[in-house]
Amino acid sequence: MELIIFVIIMVAVLVLPLKLAAAMLGAKNTGVFYCLFALLLALIIQRIVGGMLPGVSDSAGILLTIPLAAIAYMLVLGTGFLKGILIALLQGVITFFAMLLFAGMFANI
């Protein structure tokens, strides 16, 4: 039972920032399952490209993942490439602040 609750929380933490960012920037498909599929497609694309480019540093890897995620968001969420990049950046910012909020709640700050 704990595993199911953990999976639900993790999916919510990963999908909801993407859903919020996509809705803010006016993507056509902003449903939960569209966002989940977009995240999975972005992960697959990033793994394939990451396997082709061994030895990429962390900073170059982050710069590579943003356009790759934008391609997945462009295909699944029905938006343009530049909006996909903005969605990826906004998703990262929302996720960062959500993690700060959750960490603060669990640390009783």
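Our structure is the block above this text.
In this text the structure is predicted, and so the values were computed from the model without any measurement.

A. Spotlight on the packing of aromatic side chains. Following the criterion strictly, the structure yields one aromatic pair and no others. Aromatic pair phenylalanine 96 and phenylalanine 97: ring centres 5.4 Å apart, planes at 70°, arrangement edge-to-face. On the basis of relative accessible area, phenylalanine 97 is assigned to the exposed category, the value being 53%.

B. Local environment of a nonpolar patch on the surface. Among the surface-exposed residues, Leu3, Phe6, Val7, Met10, Val11 and Leu14 lie close enough to one another that they form a single nonpolar patch of about 550 Å² accessible area. With respect to the secondary-structure elements, valine 11 resides in helix H1 (residues 2-24). On the basis of relative accessibility, which here comes to 33%, the residue valine 11 falls in the partly exposed class.

C. The arrangement of the nonpolar core in detail. Of all hydrophobic cores here, the largest spans 19 residues; its most connected members are Leu18, Ala38, Tyr73, Leu77 and Ile87. Looking at this core, the elements with two or more residues in it are H1, helix H2 (32-52), helix H3 (58-77) and helix H4 (81-106). With residues up to four places along the chain from it excluded, the contact list for leucine 77 reads Leu18, Ala22, Ala27, Lys28, Asn29, Tyr34, Cys35, Ala38 and Ala72.

D. Highlighting H2. Its 21 residues place the ends of H2 31 Å apart at the C-alpha level, agreeing with the 30 Å of an ideal helix rising 1.5 Å per residue. By the burial criterion, the buried members of H2 are Cys35, Ala38, Leu39, Ala42 and Ile45. The buried residues of H2 occupy an angular sector of 130° when projected down its axis, which confines them to one face. Facing away from the buried side of H2 by over 90 degrees, the exposed positions are Phe33, Arg47 and Gly51.

E. Structural detail: H4. Compared with the 38 Å implied by 1.5 Å per residue over 26 residues, the 37 Å span of H4 between its first and last C-alpha is a close match. What H4 keeps buried is the set Gly84, Ile87, Ala88, Gln91 and Ile94.

Thresholds, definitions, all that
- Residues numbered from 1 in each chain as written.
- Predicted model: local features only at pLDDT ≥ 70, side-chain atom pairs only at ≥ 80, totals over all residues.
- Heavy atoms only, no water.
- Phe/Tyr/Trp six-rings, centres within 6.5 Å; stacked < 30°, edge-to-face > 60°.
- Buried < 20%, exposed > 50% of the residue type's maximum accessible area, 1.4 Å probe, protein only.
- Patch = residues over 30% accessible without salt bridge, like charges linked within 9 Å, V, L, I, M, F, W, Y side chains within 5 Å.
- Areas by Shrake-Rupley, 256 points an atom, 1.4 Å probe, with all protein chains shown as cover.
- Salt bridge = Lys/Arg side-chain N within 4 Å of Asp/Glu carboxyl O.
- Helix = DSSP H or I, 4+ residues; strand = E, 2+ residues; numbered from the N terminus.
- Core = buried A, V, L, I, M, F, W, Y, C linked by side-chain atoms within 4.5 Å.
- Contact = heavy atoms within 4.5 Å.
- Expected span 1.5 Å × (residues − 1).
- Arc of directions from axis to C-beta.

Honestly, it's all geometry; don't read function into it.
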